[in-house]
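Read off the chains here:
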Amino acid sequence: MSQHIVFSFDQDLQSVQAKVMRIGSLAETALNDAVLSLETRDVKLAERVRTRDTLIDNLTEDIKVSCAKLLALRAPTAVDLRVVLSVMTIGGNLERIGDYAKNIAKRASVISENPPVSVVHPLRTITDFVVHMISDSLDSYIQRSQSIAESVLIRDQRVDEMYTALFRNMLIEMQEKQHEMTVGMHLQFIAKNIERAGDQATNIAEQTIYLATGMKPNDDRPKRDMTSYETLRA
Amino acid sequence: MYDLPHARSDVINSDCKISARNVQLYYGDNHAIKDVTANIADKTVTAFIGPSGCGKSTFLRCINRMNDTIDNARMEGTILLDGEDIYDSKVDPVQLRARVGMVFQKPNPFPKSIYDNVAYGPKIHGMVRNRSELDELVERALRRGAIWDELKDRLDEPGTGLSGGQQQRLCIARAIATEPEVLLMDEPCSALDPIATAQIEELIDELRQNYSVVIVTHSMQQAARVSQKTAFFHLGNLVEYADTGQIFTNPQDPRTESYITGRIG
């Protein structure tokens, strides 16, 4: 797309998109570090994750103000309007990922006060998978790539499968080792937070498709999160 | 750029008021309108947008044969109003213009009283039998023009003494007075302040209940606010014609996108 006749309009749009990329980088790091603090029982790292969430929140607010200004002063249309709308939504998605990371970090601090358990390792697999999805969703946005965005959407099913498997394992573990119930419950919520971060990555990918094509993707992807139906077998 | 496809001009609407087919217009050697085909719906506001010289006003003027008054203008193709060819030799252009009213960029009231400005058209078209019928018609037109309350006690004052916004609403009332079916507006707000513009836009929305309104505007936001259909013209071509929401959020033609987003096309 060529430049606007009014050059400062281009600068405003670029500036607000650069802020989204900055939040994206912070959110990815936060999720990764939160799970790392859990694995390494690093309370200081968990504390840093919680503190840095303020930076994500402030940047998100900053994006909202910039978008309000763009809407009021530039009255964007067509692809420019879609940029502003998608930036506002993606800012919200990334802020949520930051919140999940912060919540994981809080629980990591509690877990570190309890004896180690074996289930932490499988969380690394799902975390790496989700962080990669977030990274790819942001790449798809900046490259306006429908194909990368669609690859992120497809991967959400795998996250659901991984989460369902974790959920089952934790149920069984907790049934057998009731003294690990406290840690098990926190790990359950942590796994859910990671799975939800994956959902936010798919939302970002959907926004990219809207930005690139002007159309929302069909919401008929199969869902593989079966935890709502899980029960403990006697 | 020139080999890009032209608009899908068959915007589906069962209530079609005006149907233009393969319209070409030449000013001497200048080919100003190039094979434009479009249906314009009844009880709908249709906006024509595009850069200066793109042919939007020229096409508007084809709809009530205003181009007939230009010596070197020559039109080809057909324009049907309710299925009747308006360029048929049996059609009287003066009668046609009573059915297809027009409002211009600059308010142009006659140098007569407010009352006479509105009464002139109905009188020459023999629409009334006596003074009381004329009074009723003038009041109805001024009410539809959303200016009756402001002017009802000043009907004998000259129309030229009103403010710009009032003059334009008086001109709209004058156009409505002959009970037209179509109202053509050529940049009706470009000489008005934002308040008068808002009043005219509100009026256009009300007029839509009874008329087919076609508006040429340079204001993108005005087109987005007042119209349900938008047609984008460029270099004499009808490039894209679709629902206004579609044109302003997801235009299909790159030329439309470049124009409405303020890029160098």
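Values in this document were obtained by computation on a predicted structure and should not be read as measured data. (Residues numbered from 1 in each chain as written. Chains lettered and ligands numbered in written order. Predicted model: local features only at pLDDT ≥ 70, side-chain atom pairs only at ≥ 80, totals over all residues. Heavy atoms only, no water.)

Novice: What am I meant to see in the overall build of chain A here?
Specialist: Secondary structure assignment for chain A yields 6 helices and 0 strands. Each helix and strand of chain A, ordered N terminal to C terminal, gives the series α-α-α-α-α-α. Expected size for 234 residues packed as a compact globule is a radius of gyration near 17 Å; at 20 Å, chain A falls within 12% of this value. In terms of overall dimensions, chain A has C-alpha extents of about 70 × 40 × 20 Å along its principal axes. The burial tally for chain A puts 51% of its 234 residues in the buried class. For chain A, long-range pairs separated by at least 24 residues make up 84% of all intrachain contacts whose partners lie at least 6 apart in sequence. (Helix = DSSP H or I, 4+ residues; strand = E, 2+ residues; numbered from the N terminus. Rg over C-alpha atoms; globule rule 2.2 N^0.38 Å. Buried < 20%, exposed > 50% of the residue type's maximum accessible area, 1.4 Å probe, protein only. Contact = heavy atoms within 4.5 Å.)

Novice: What's the story with the overall build of chain B in this structure? I'm lost.
Specialist: Secondary structure summary: chain B contains 10 helices and 10 strands in total. Against the compact-globule benchmark of 18 Å for 265 residues, chain B has a radius of gyration of 19 Å, which places it among compact chains. Based on the C-alpha atoms only, the size of chain B along its principal axes is roughly 60 × 45 × 35 Å. Across chain B, every contact between residues at least 6 apart in sequence was considered, and the portion connecting residues at least 24 apart equals 68%. With an accessible surface of roughly 11,700 Å², chain B has 48% of that area assigned to carbon and sulfur atoms. (Areas by Shrake-Rupley, 256 points an atom, 1.4 Å probe, with all protein chains shown as cover.)

Novice: Would you take a moment to explain the interface of chain A and chain B for this structure?
Specialist: Interfaces are often described in size by the accessible area the parts lose on coming together. Opposite the 16 residues of chain A that make contact, chain B presents 12 residues. Carbon and sulfur atoms supply 50% of the area buried between chain A and chain B, which totals about 1,200 Å² over both sides. Ranking the residues of chain A by area buried against chain B places M1, T77 and A78 of chain A at the top, with a combined share of 38%. There are 1 salt bridge connecting chain A and chain B. A salt bridge links R263 of chain B to D80 of chain A; the shortest N-O distance between them is 2.9 Å. Our count for the contact surface shared by chain A and chain B stands at 11 residue pairs in polar contact (both at pLDDT 80 or more). (Buried area = accessible area lost by both parts, 1.4 Å probe. Salt bridge = Lys/Arg side-chain N within 4 Å of Asp/Glu carboxyl O. Polar contact = N/O pair within 3.5 Å; in protein donor to acceptor, adjacent residues only side chain to side chain.)

Novice: Would you take a moment to explain the sheet that holds strand β7 (residues 182–186) of chain B for this structure?
Specialist: All names here are of chain B. The 6 strands lie next to each other as β6-β7-β8-β3-β9-β10, forming an open sheet whose pairing is mixed. One side of each edge strand has no neighbouring strand; the edge strands of this open sheet are β6 (100–103) and β10 (237–243). Looking at each pair of strands side by side, their axes are set apart by 20° on average, direction ignored. (Pairing = 2+ DSSP bridges. Axes fitted to C-alpha atoms, helices over the stretch in contact; angles between N-to-C directions.)

Novice: It is not clear to me how the pattern of salt bridges should be interpreted in this structure. Could you clarify?
Specialist: A side chain of one charge can pair with a side chain of the opposite charge if their charged atoms are brought near each other. Enumeration according to the criterion identifies 32 salt bridges over all chains in this entry. Linking D12 of chain A and R74 of chain A is a salt bridge whose minimum nitrogen-to-oxygen distance equals 3.0 Å. One end of the pair, D12 of chain A, is in helix α1 (residues 7–40); the other, R74 of chain A, is in helix α2 (residues 43–74), with 62 residues separating them in the sequence. Classification of D12 of chain A by relative accessible area gives partly exposed; the value is 31%. A relative accessible area of 26% means that R74 of chain A is categorised as partly exposed. For K229 of chain B, the salt bridge goes to D243 of chain B, with nearest N and O atoms at 2.6 Å. With K229 of chain B in strand β9 (residues 229–234) and D243 of chain B in strand β10, this pair connects stretches of sequence that are 14 residues apart.

Novice: Quick question: what am I supposed to make of the state of the cysteines here?
Specialist: Working definition of a disulfide: a covalent bond connecting the sulfur atoms of two cysteines. Residue and element names in this part refer to chain B. Applying the stated rule across the entire model yields 0 disulfides over all chains. C189 supplies the cysteine sulfur nearest to C171, a cysteine that is in no disulfide, at a spacing of 12 Å. Accessibility expressed as a relative area gives 4% for C171, which makes it buried. Its relative accessible area of 7% is what places C189 among the buried residues. (Disulfide = S-S within 2.5 Å.)

Novice: I'm lost on the packing of aromatic side chains in this one. Help?
Specialist: Each aromatic ring pair is specified by the distance between its two centres and by the angle formed by the two planes. All names here are of chain B. For the structure on display, the rule yields 6 aromatic pairs over all chains. A ring pair is formed by F110 and Y120, whose centres lie 5.3 Å apart and whose planes are at 70°; its orientation type is edge-to-face. Of this pair, F110 sits in the loop between β6 and α3 (114–124) while Y120 is found in helix α3, placing the two residues 10 residues apart along the sequence. A relative accessible area of 37% means that Y120 is categorised as partly exposed. (Phe/Tyr/Trp six-rings, centres within 6.5 Å; stacked < 30°, edge-to-face > 60°.)

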